[in-house]
Amino acid sequence: RSVLGLSGAHNSGTASRPRGVLFFAGPTGVGKTQLAKELAKLVFGDEQAYIRFDMSEFAAEHSADRLIGAPPGYVGHDAGGELTNAVRERPFSLLLFDEIEKAHQRILDKFLQILDDGRLTDGSGSTVYFSEAILVFTSNLGVSTPGPDGRATPAVTAAMTRQELDERVKAGVKRHFVEKLNRPELFNRLGDNVVVFNYISPAAAEGIFDLLISHVTARLRKEQGVILNIGEAARKRLLDIATADPQFGGRGIGSEIETKFVNPLARELFQRGAVQGESVTVVDVLPQDGTWKVILR
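Residues numbered from 1 in each chain as written. Predicted model: local features only at pLDDT ≥ 70, side-chain atom pairs only at ≥ 80, totals over all residues. Heavy atoms only, no water.

Side-chain pairs of opposite charge can arise whenever the charged atoms involved come near each other. Under the definition given, this model contains 24 salt bridges. One salt bridge in this structure joins K102 and E99, with 3.0 Å as the shortest N-O distance. When its relative accessible area of 40% is taken as the criterion, K102 is described as partly exposed. Beyond isolated ion pairs, a larger network of salt bridges with shared partners links E206, D210, E232 and R235. (Salt bridge = Lys/Arg side-chain N within 4 Å of Asp/Glu carboxyl O. Buried < 20%, exposed > 50% of the residue type's maximum accessible area, 1.4 Å probe, protein only.)

Right under this line is the structure:
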């Protein structure tokens, strides 16, 4: 649609919407943010075209000044805003608004003009155009719902079918904007651009595991000159541990690797005084006295 110049073509007038708008929703740790990074490199051919805003930092209403700049008469009004300055300096970019549901609802109103007309007026009165930018929002909406005691309970699970997962997450996104925030106009502007992510499959989890382990071995060789090999039995045991719970996605795999492999490996190598050029093999990973231990050969 963007290549053919048809973004916003169904609207009258000459308003130029952003090149693309995507709302990534789904479980945590499944690659929503990472996909946005890769999308920036693919479309614009430069990883520097990726600009991220952590929307948990904009939970207060007055933090809108950080995005568009303070109004005239206030301190720093001539400095501009983080968002408007970034787009003015680099109009061909992908703008990622991470965890959008954590932003104050008044700040969300700023996106109405961007999504509709592709432009935004900053605190100094200058207009910034988003017609060449891609906007990506990420969210965990629809993944959990508040229980009777106020605690979040899972609304979706890895065992659900793709259709059921898709329907529940999209319903959660719609419910948040329409019922909780009373901003149906913002949800309407997202249209059919809500992309629901699956849980990580066992095959993908194993691929992530192998990639993270390769990062560890490469870092150890670079920092200490130690060549690390992992025996098949140790790899299998560690893989089973790290990928046992798909609820936490790739971040959960990384956390398990750090706790049950990197930490005990660092202790063992530190105690034995590993020397540069030495080759060691991990033959097993075992729980021991409330912590974990790697067996090296």
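Further notes follow.
What follows deals with the sheet that holds strand β11 (residues 279-288). In space, the three strands of this open sheet follow the order β10-β11-β12, with mixed pairing throughout. Each edge of the sheet is formed by a strand with only one pairing partner; in this case those strands are β10 (227-230) and β12 (291-296). The average angle at which neighbouring strand axes cross in this sheet is 40°, direction not considered. Helix-sheet contacts for helix α10 (residues 249-272) involve β10, β11 and β12, and the interaxial angle to β12 is about 60°. (Pairing = 2+ DSSP bridges. Helix = DSSP H or I, 4+ residues; strand = E, 2+ residues; numbered from the N terminus. Axes fitted to C-alpha atoms, helices over the stretch in contact; angles between N-to-C directions. Contact = heavy atoms within 4.5 Å.)

The next subject is the packing of helix α8 (residues 202-224) against α10. In the contact formed by α8 and α10, the axes pass within 10 Å of each other and the chain directions differ by 30°. Crossing hand, α8 versus α10: right-handed. Across the interface between the two elements, A205, I208, F209, L212, I213, V216 and L220 from α8 touch G250, I253, G254, I257, F261, V262, L265 and L269 from α10. (Left-handed = near helix turned anticlockwise from the far one by under 90°.)

To continue, consider the sheet that holds strand β9 (residues 194-196). The strand order β2-β3-β6-β1-β9 describes an open sheet built from five strands, whose pairing is parallel. Strands at the two margins of the open sheet, each flanked by one partner only, are β2 (50-54) and β9. Pairwise comparison of adjacent strand axes, ignoring direction, gives a mean angle of 20° for this sheet. Contacts from helix α6 (residues 162-180) reach β1 (20-25) and β9, with the element oriented near 140° to β9.

This part takes up the packing of aromatic side chains. The tally for this structure, following the rule as stated, stands at seven aromatic pairs. Connected via pairs of aromatic rings, a cluster forms that spans F23, F53, F97, F111, F137 and F177. (Phe/Tyr/Trp six-rings, centres within 6.5 Å; stacked < 30°, edge-to-face > 60°.)

Here we take up helix α3 (residues 82-89). Listing the buried residues of α3 in full gives L83, T84, A86 and V87. What you see down the axis of α3 is that its buried residues fit within an arc of 165°, all on one side. Along its buried surface, α3 packs onto β2, α2 (64-68), β3 (94-98), α5 (110-117), β4 (119-121) and β5 (127-129). (Arc of directions from axis to C-beta.)

Moving on: the pairing of strand β6 (residues 134-139). The side chains of a regular strand alternate between the sheet's two faces. The buried fraction of β6 is high, at six of six residues. Residue alternation in β6 divides its side chains into two sets, I134, V136 and T138 and L135, F137 and S139, and both sets are buried. Note that β1 and β6 share six bridges and pair parallel. By the bridge assignment, L22 is partnered in β6 with V136. Across four bridges, the pairing between β3 and β6 is parallel. Bridged to F97 within β6 is F137.

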